[in-house]
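Residue-level listing of the chains:
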Amino acid sequence: MNRRCASVSKILPFSCVDGPGSRLAIFLQGCNLRCKNCHNPYTIGMCDNCGDCVTTCPHQALSLVSGKVQWDADVCQQCDTCLQTCTQHSSPMTQSYSVDALLIQVKRNAPFINGVTISGGEATLQLPFLCDFFAAIKSSQELAHLTCLVDSNGDLSETGWQKLLPWIDGAMLDLKAWDNEYHRALTGRDNYRIKQSILWLAKRGKLSELRLLVIPEHSDHLQHADELAEFILSLGDVPVRLNAFHHHGVRGEASGWKSATQQDIETLAEALTQRGVKQITRPALYL
């Protein structure tokens, strides 16, 4: 039995946007970046049990028990008032799952999925759980055929990736800006280690996808198209996904930024294509 636990924000039994095929997607709580453009800001912080959300819940789905916030899923109407209230960018609906408990979910869905993706927040902040969970899948005759992917911001040390490498089929990483100053302005941190993670995983054939987020007037991929294309080509046969910024779920300053249009995406796609990048995936839709 494996009782190691993780703080889980959400579980999607079936997803077609978190890796190839139909996948069970698990979103862990907590992130070490503070992206202004985050579409899921309630996954950033960890609940400090302050209780502010308890008094604002219109359906009395939250309560304080022994100093900790308790969530009643049967009463909850998913109005998200608590998410808007929390100053910690957290969610009182986060739940703790053990490796064994999540394996039950995987086994239930195994006949209908191609694999499992762990996302966030930032999944690698709960690295010991991640390693144990994927190792359990790979060691199970019933589940070993499922691919195990991690969706990460890439800000993990090489030592961390070395621990995770034996248990994953691949990682999908974001490069939110090329220049450090742009990256700090967007996320609060530089991108040196993220670039190193991208290169390290690609060298070992574990970089499943590189993602570039297009934010008009705030991302700098087009300005550094020559360097960016050279970097991408050095990765080998790695697909590049262009994502279009939109306002859904975004809070604060970025909620007033321009959404990316199809023309914004095509301009960057054309610039990269002209410089030799071949595997480019566009957004399925624009909001």
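Residues numbered from 1 in each chain as written. Predicted model: local features only at pLDDT ≥ 70, side-chain atom pairs only at ≥ 80, totals over all residues. Heavy atoms only, no water.

(A) Spotlight on the sheet that holds strand E9 (residues 207-214). The strand order across the open sheet built from 9 strands is E5-E1-E2-E6-E7-E8-E9-E10-E11, with neighbouring strands paired in mixed fashion. In the strand order of this sheet, the two ends are held by strand E5 (95-98) and strand E11 (280-281), each with one partner. Of the pairings in the sheet, the one linking strand E10 (residues 240-244) to E11 comprises 2 bridges and is parallel in character. Along E11, the bridge assignment pairs arginine 241 with threonine 281. Across the face of the sheet, helix H3 (residues 99-109) comes into contact with strand E1 (5-15), strand E2 (23-28), E5 and strand E6 (115-119) while running at roughly 80° to E5. Against the sheet, helix H7 (residues 192-203) contacts strand E8 (170-174) and E9, and its axis sits at roughly 150° relative to E8. (Pairing = 2+ DSSP bridges. Helix = DSSP H or I, 4+ residues; strand = E, 2+ residues; numbered from the N terminus. Contact = heavy atoms within 4.5 Å. Axes fitted to C-alpha atoms, helices over the stretch in contact; angles between N-to-C directions.)

(B) Geometry of the domain arrangement of the chain. Segmentation of the chain into domains returns domain 1 (5-40 + 95-281) and domain 2 (47-93). On a C-alpha basis, the centres of domain 1 and domain 2 stand 28 Å from each other. (Domains from an automatic or database assignment.)

(C) Structural view of the packing of aromatic side chains. Considering all chains together, one arrives at 5 aromatic pairs under this definition. Consider the rings of phenylalanine 133 and phenylalanine 134, whose centres lie 5.9 Å apart with planes at 35°: the pair is tilted. Taken individually, phenylalanine 133 and phenylalanine 134 each receive the classification buried, so the pair is uniform in this respect. Chaining the aromatic ring pairs together yields one cluster made of Phe129, Phe133 and Phe134. The ring of tryptophan 178 carries the charged tip of lysine 195 above its face, separated from the ring centre by 3.6 Å. (Phe/Tyr/Trp six-rings, centres within 6.5 Å; stacked < 30°, edge-to-face > 60°. Buried < 20%, exposed > 50% of the residue type's maximum accessible area, 1.4 Å probe, protein only. Lys NZ or Arg CZ within 6 Å of the ring centre and 35° of its normal.)

(D) Examining the environment of glycine 276 more closely. With respect to the helices, strands and loops of the structure, glycine 276 is situated in the loop between helix H9 (262-274) and E11. Residue classification places glycine 276 among the partly exposed residues on the basis of a relative accessible area of 30%. Glycine 276 sits 46 residues away from glutamate 230 along the chain, and the two C-alpha atoms are 8.6 Å apart.

(E) Here's a closer look at the UniProt feature "domain: Radical SAM core" (unreviewed entry) in the chain. If you check UniProt for "domain: Radical SAM core" (unreviewed entry), the listed places come out as residues 17-283 in our numbering. A distance of 10 Å separates the end C-alpha atoms of residues 17-283, which is 31% helix and 18% strand. (UniProt positions renumbered as here; feature names shortened; annotations may be inferred.)

(F) Representation of the environment of lysine 203 within the structure. For lysine 203, the position within the fold is in helix H7. Among the residues examined, lysine 203 registers a relative accessible area of 71% and is labelled exposed. As for lysine 203 and proline 13, which are separated by 190 residues in sequence, their C-alpha atoms are 32 Å apart.

(G) Examining the side chain of asparagine 191 more closely. Residue position: asparagine 191 is located in the loop between helix H6 (180-187) and H7. Contacts of asparagine 191, omitting those with residues within four sequence positions, involve Leu175, Ala177, Trp178, Asp179, Asn180 and His183.

(H) The arrangement of the pattern of salt bridges in detail. Under the definition given, this model contains 12 salt bridges. Measuring nitrogen to oxygen at the nearest pair gives 2.7 Å for the salt bridge that ties aspartate 169 to lysine 138. Residue aspartate 169 is found in the loop between helix H5 (158-164) and E8, and its partner lysine 138 is found in helix H4 (residues 127-138); the two are separated by 31 residues along the sequence. A relative accessible area of 33% places aspartate 169 in the partly exposed class. Lysine 138 sits in the partly exposed class, given a relative accessible area of 25%. Between aspartate 226 and arginine 275 there is a salt bridge whose closest N-O contact spans 2.5 Å. With aspartate 226 in helix H8 (residues 225-233) and arginine 275 in the loop between H9 and E11, this pair connects stretches of sequence that are 49 residues apart. (Salt bridge = Lys/Arg side-chain N within 4 Å of Asp/Glu carboxyl O.)

(I) The packing of H3 against H4, seen in detail. One way to put it is that H3 packs onto H4 with a least axis distance of 10 Å and a crossing angle of 45°. By the angle class used here, H3 and H4 are oblique. You can see that H3 and H4 cross each other, and the crossing is right-handed. Across from Val99, Leu102, Leu103 and Val106 in H3, the residues of H4 making contact are Phe129, Asp132, Phe133, Ala136 and Ile137. (Parallel < 35°, antiparallel > 145°, perpendicular 65-115°, else oblique. Left-handed = near helix turned anticlockwise from the far one by under 90°.)

(J) Quick look at the pairing of strand E3 (residues 62-65). Pairing between E3 and strand E4 (residues 68-71): 4 bridges, direction antiparallel. Directly across from leucine 62, in E4, lies its bridge partner tryptophan 71. What sits between the antiparallel neighbours E3 and E4 is a turn of 2 residues, in which serine 66 has the positive phi angle 55°.

(K) Molecular detail of the nonpolar core. Counting 61 residues, the largest nonpolar core has Ile26, Val116, Phe133 and Leu272 as the members making the most contacts within it. Apart from the residues lying within four places of it in its own chain, the contact partners of phenylalanine 133 are Ile26, Val99, Leu102, Leu103, Val106, Val116 and Ile118. Core analysis: the next-biggest nonpolar cluster, separate from the first, contains 10 residues, Cys57, Ala61, Cys82 and Leu83 among them. (Core = buried A, V, L, I, M, F, W, Y, C linked by side-chain atoms within 4.5 Å.)

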